[in-house]
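Breakdown of the fold
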Amino acid sequence: GAVVSQHPSRVICKSGTSVKIECRSLDFQATTMFWYRQFPKQSLMLMATSNEGSKATYEQGVEKDKFLINHASLTLSTLTVTSAHPEDSSFYICSAPAQGQDGYTFGSGTRLTVV
Amino acid sequence: SQQGEEDPQALSIQEGENATMNCSYKTSINNLQWYRQNSGRGLVHLILIRSNEREKHSGRLRVTLDTSKKSSSLLITASRAADTASYFCSPAQGGSEKLVFGKGTKLTVNP
């Protein structure tokens, strides 16, 4: 079935640095990728929608200059957390509509800790 | 896109028992999807039921949809400890729309 590979699974970074998270669709073309953030014991919050070849669409309240999304190809979407702060520590998950099957396929998530 | 509201928020049962969780939504849909999230992992798609379907089965899962009441239920039969996870529903209009999620039902299956 459709698989989205997300890397890294865990990352620890210092305040002020940037972190890039990658999501690759392994056996299908993902023209659209959704990015979520999840705080402990809470639900997933949609951050933005990336579309191959065009600018990402951000949800209300999400800083587009802080969370840079790039969808450079049909198999790769990236989220860069710029100038990270401890409050950006969270679980980030990507998702794409699964071609040829029901539902959406999700990456395994990235646990970001900013110290 | 609309968010589903899962109920109960938490459910604790013994292995072998059945688990039922419910989902309500507000506006008409094309389909409704159920997902499972194990702790610290991404979501896994369980089942999709379309608006013209009333019931659907997949292994130990049974999903119902009542469009007149704008509600759905997910039944897991003969539960196992490995079913311990959070379960989310997502009502959808179809196409490649963005999915939004509620708080989910946290299911604990005790061995």
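The structure reproduced in this document is the subject of the present report. Everything numeric in this text was worked out from a predicted model, so none of it was measured.

Digging into the state of the cysteines
- Under the defined criterion, the tally for this structure stands at two disulfides over all chains.
- Between the sulfur of C23 of chain A and that of C94 of chain A lies a disulfide, 1.8 Å long from S to S. Between C23 of chain A and C94 of chain A, the S-S torsion sits near -95 degrees, and that sign places the bridge as left-handed. Of the two residues, C23 of chain A sits in strand β3 (residues 19–25) while C94 of chain A sits in strand β9 (residues 90–97), which places them 71 residues apart along the sequence.
- Here C23 of chain A falls in the buried class, since its relative accessible area comes to 0%.
- Across the disulfide from C23 of chain B sits C89 of chain B; the S-S distance is 2.0 Å. Negative torsions about the S-S bond denote left-handed disulfides, and the value of about 75 degrees found for C23 of chain B with C89 of chain B makes this one right-handed. With C23 of chain B in strand β3 (residues 19–24) and C89 of chain B in strand β9 (residues 85–92), this residue pair connects regions lying 66 residues apart in the sequence. For the pair C23 of chain B and C89 of chain B, a shared accessibility class is recorded, and that class is buried.
- The thiol of C13 of chain A is unpaired, and the distance to the nearest cysteine sulfur, on C23 of chain A, comes to 17 Å.
- Its relative accessible area of 9% is what places C13 of chain A among the buried residues.

Quick look at the interface of chain B and chain A
- In this complex, chain B contributes 21 residues to the contact, which on the side of chain A involves 18 residues.
- Across the chain B to chain A interface the summed buried area is about 1,500 Å²; carbon plus sulfur atoms make up 55%.
- The largest contributions to the chain B side of the interface with chain A come from L43, K98 and F101 of chain B, which together make up 30% of the buried area.
- Among the ionic pairs, R50 of chain B bridges to D102 of chain A, the shortest N-O distance being 3.1 Å.
- Where chain B packs against chain A, one counts nine residue pairs in polar contact (both at pLDDT 80 or more).
- Of all elements in the fold, only β4 (31–37) and β5 (43–50) of chain B reach the threshold of two or more residues within the side of chain B that touches chain A.
- When residues in the side of chain B that touches chain A are grouped by element, the largest group, four residues, is from β5 of chain B.
- Tallied by class, the residues present in the side of chain B that touches chain A amount to seven nonpolar, eight polar and six charged.

Cut-offs applied
Residues numbered from 1 in each chain as written. Chains lettered and ligands numbered in written order. Predicted model: local features only at pLDDT ≥ 70, side-chain atom pairs only at ≥ 80, totals over all residues. Heavy atoms only, no water. Disulfide = S-S within 2.5 Å. Helix = DSSP H or I, 4+ residues; strand = E, 2+ residues; numbered from the N terminus. Buried < 20%, exposed > 50% of the residue type's maximum accessible area, 1.4 Å probe, protein only. Contact = heavy atoms within 4.5 Å. Buried area = accessible area lost by both parts, 1.4 Å probe. Salt bridge = Lys/Arg side-chain N within 4 Å of Asp/Glu carboxyl O. Polar contact = N/O pair within 3.5 Å; in protein donor to acceptor, adjacent residues only side chain to side chain. Nonpolar A, V, L, I, M, F, W, Y, C, P; charged D, E, K, R; others polar.

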